Amino acid sequence: MLAAGANARGSRSSASGADVIVAGAGVIGLGVAWRAQLRGLSVTIVDPAPGSGASGAAAGMLAPVSELHYGERPLLELNTASALRYPAFVDELERSSGCEIGYLRCGTLVAAWDAADMAGLRDIHGFARSLGLETELLTRHQLRARIPASASGLVGALAVPGDHQVDNRRLHHALLRACEREGATMLRVAARELLLRAGRAAGLRLADGTELTAPVVVLACGVWSARIGGLPLAALPAVRPVKGQTLRLRTVGPPLLTCVLRGSVRGCPVYLVPRGDGRVVVGASSEEVGFDLRPRAGAVYELLRDAQALVPGLGEAELEEVSTSLRPASPDNAPLIGPSRVPGLVLAVGHYRNGVLLTPVTADAIAGLLADGAMPAEVAPFTPARFDPTAASPGSGLVGAEPPGPGRRESTRDPTVTEEDGG
């Protein structure tokens, strides 16, 4: 079995002139394309509106620890591995693109609304410390000392110094610019159908009728990946849409926040992510309503209400933008990274709440698979095959690779919006 890069510097048999087609120009798709270009592969990217999906609506939190959930140890390890890559990833991307991306090592505070919340934070603190993760419990007075604008009634907080943030829109712009500088081709047309030849992926048919051929196709269209025609049933990505709304506020005067602040107000999770320009991103609603992208007034009200409950001064901020997007969630809330059941078709989807965070590790893993035919051990638990118990293990190589030639449901709030895949 050969990787797509086996003939990268030789003749190319694909009519598109590319070794790899990447469908989807969110941060995941662009990250894969950029890293693949750096590995010597030629890439064509297909997306009608790059960055218009979850990548643009995200808040950009890099929060492996404050996103910690019991029972998600493998995902925590993947999130942590990607967070550790971010400083080097940012340095290289800023040099490659010539753009600053707003990576801030500001830390995160998780506030406790009441005594029950504080007890929960103590449990998380103990669990995190047992895993060797750095956290610190803060009293009411210590919280107020760090964030004087926080509500006086908050009873304490958990400090997570290693959970940072990046400006997701600047990140996306930089990735797009880096792909262009490295020679990737961008086609602003939707992918309509997967082309199959002798049972393997051979390219894409686009919405305008154009047919692109390449020996490898990477699906990174987020929730829309499973809606591309021509996908065999065994290769359909196991993702569903989870609607989320975020708000962007603009404050004036001295900043109300200098770090990310999260909390749960009467059981409703909310987060506040300050930008260096005075903006604050507030998120996020979470609704299982299919592909409905209409903004809902009640979700906006709830977010504003709970944001002000944590930082009352936000009531004076300007409401600048309401963003609505669809998170791509898998059955176990973890991403699908690696070969599909169809030879030549690779998936990079399902990143749900962690698309921005997982961009470095996903991009490196897929680029390595394309160039060398091998997947790193850290992504092994997240191959698409885990949802098909009858499937043979895809192994370390790119399977079969050849040389290139309804009504609204009740809303529940989630601690992040995301951050992923598609555009």
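Rules used throughout
- Residues numbered from 1 in each chain as written.
- Predicted model: local features only at pLDDT ≥ 70, side-chain atom pairs only at ≥ 80, totals over all residues.
- Heavy atoms only, no water.
- Core = buried A, V, L, I, M, F, W, Y, C linked by side-chain atoms within 4.5 Å.
- Buried < 20%, exposed > 50% of the residue type's maximum accessible area, 1.4 Å probe, protein only.
- Helix = DSSP H or I, 4+ residues; strand = E, 2+ residues; numbered from the N terminus.
- Contact = heavy atoms within 4.5 Å.
- Pairing = 2+ DSSP bridges.
- Axes fitted to C-alpha atoms, helices over the stretch in contact; angles between N-to-C directions.
- Phe/Tyr/Trp six-rings, centres within 6.5 Å; stacked < 30°, edge-to-face > 60°.
- Expected span 1.5 Å × (residues − 1).
- Salt bridge = Lys/Arg side-chain N within 4 Å of Asp/Glu carboxyl O.

A.B. asks: Would you mind going over the nonpolar core with me for this structure?
C.D. replies: The tendency in soluble globular proteins is for nonpolar side chains to be buried side by side. Counting residues in hydrophobic clusters, the biggest one holds 51 residues, and the most contacted among them are Y86, L93, L171, V218 and L370. Those elements that place two or more of their residues in this core are β1 (20–23), α1 (27–38), β2 (43–46), α3 (73–97), α6 (168–181), β12 (216–219), β19 (345–349) and α8 (359–372). Residues in contact with V218, not counting those within four places in the same chain, are V20, I21, V22, A23, V32, V346, A348, I366 and L370. Residues A159, V270, V282 and V311 belong to the second largest nonpolar core, which totals 26 residues.

A.B. asks: What should I look at first to understand the sheet that holds strand β11 (residues 211–213) in this one?
C.D. replies: Paired through their backbone hydrogen bonds, the strands of a sheet run either parallel or antiparallel. An order of β9-β10-β11 is seen for the three strands of this open sheet, with the pairing classed as antiparallel. Strands at the two margins of the open sheet, each flanked by one partner only, are β9 (191–197) and β11. Taken over all neighbouring pairs, the strand axes of this sheet differ in orientation by 30° on average, direction set aside. Both strand β10 (residues 200–206) and β11 contribute to a ladder of three bridges, which runs antiparallel. Note that in β11 the partner of L204 across the bridge is L212.

A.B. asks: Hey, could you run me through the packing of aromatic side chains in this one?
C.D. replies: Think of a pair of aromatic rings as described by two things: how far the centres are apart, and how the planes are tilted against each other in angle. Summed over all chains, the structure comprises four aromatic pairs. Their ring planes at 80° and their centres at 5.6 Å tell us that W34 and F89 sit as a pair that is edge-to-face. Residue W34 is located in helix α1, and its partner F89 is located in helix α3; the two are separated by 55 residues in the primary sequence. Both residues of the pair, W34 and F89, belong to the buried class. Note on Y86 and F89: the rings are 5.8 Å apart at their centroids and 65° apart in plane angle, and the pair reads as edge-to-face. Pair noted here: Y86 and F89 are both in helix α3, with a separation of three residues, about one helical turn. Classification of F89 as buried rests on a relative accessible area of 2%. Chaining the aromatic ring pairs together yields one cluster made of W34, Y86, F89 and Y103.

A.B. asks: What should I look at first to understand the environment of L257 in this one?
C.D. replies: Of note, L257 is situated in the loop between β13 (240–250) and β14 (260–265). Residue class for L257 comes out buried when judged on its relative accessible area of 6%. With residues near it in sequence (within four places) discarded, L257 still touches I147, L272, P274, V280 and V311.

A.B. asks: I keep staring at the sheet that holds β2 and nothing clicks. Help me out?
C.D. replies: Pairing is mixed across the open sheet formed by six strands, whose spatial order is β8-β2-β1-β12-β19-β18. At either margin of the open sheet sits one strand with a lone partner, and together these are β8 (185–187) and β18 (336–339). When the angles between neighbouring strand axes are averaged without regard to direction, this sheet yields 20°. Here three bridges tie β12 to β19, and the two strands are oriented parallel to one another. Bridge pairing links V217 to L345 in β19. Against the sheet, α1 makes contact with β1, β2, β8, β12 and β19, and its axis sits at roughly 170° relative to β2, the strand it touches most.

A.B. asks: Explanation requested: α1 in the structure shown.
C.D. replies: The α-helix winds at 3.6 residues per turn, so residues separated by three or four positions along the chain end up facing the same way. Along its twelve residues, α1 runs 16 Å from first to last C-alpha, staying within 8% of the 16 Å computed at 1.5 Å per residue. Within α1, eleven of the twelve residues are buried, which leaves the element mostly enclosed by the surrounding structure. One or two steps after α1, the chain reaches G40, where phi turns positive at roughly 95°.

A.B. asks: Which parts of the structure should I look at to understand the pattern of salt bridges?
C.D. replies: Pairs can form between side chains of opposite charge whenever their charged atoms are close. Tallying each qualifying case throughout the model produces 22 salt bridges. In this structure, the salt-bridge partner of R353 is E67, at a minimum N-O distance of 2.8 Å. Of this pair, R353 sits in the loop between β19 and α8 while E67 sits in the loop between β3 (61–62) and α3, and the two are 286 residues apart along the sequence. For R353, a relative accessible area of 6% corresponds to the buried category. With a relative accessible area of 5%, E67 lands in the buried category. What you see here is one network of salt bridges that share partners, running through R35, R85, E92, D364 and E378.

A.B. asks: Sorry, what's going on with the pairing of strand β4 (residues 108–112) here?
C.D. replies: Two faces make up the sheet, and in a regular strand the side chains alternate between them. Burial of β4 is extensive: five of the five residues sit out of reach of the surface. Every second residue of β4 is oriented toward a common face, with T108, V110 and A112 on one face and L109 and A111 on the other, all of them buried. Sheet analysis places β4 next to strand β6 (residues 156–160), joined by five bridges and oriented antiparallel. Residue pairing for β6: A112 is matched across the bridge by G156. Sheet analysis places β4 next to β14, joined by four bridges and oriented parallel. In the sheet register, V110 faces β14, and the bridge partner there is R262.

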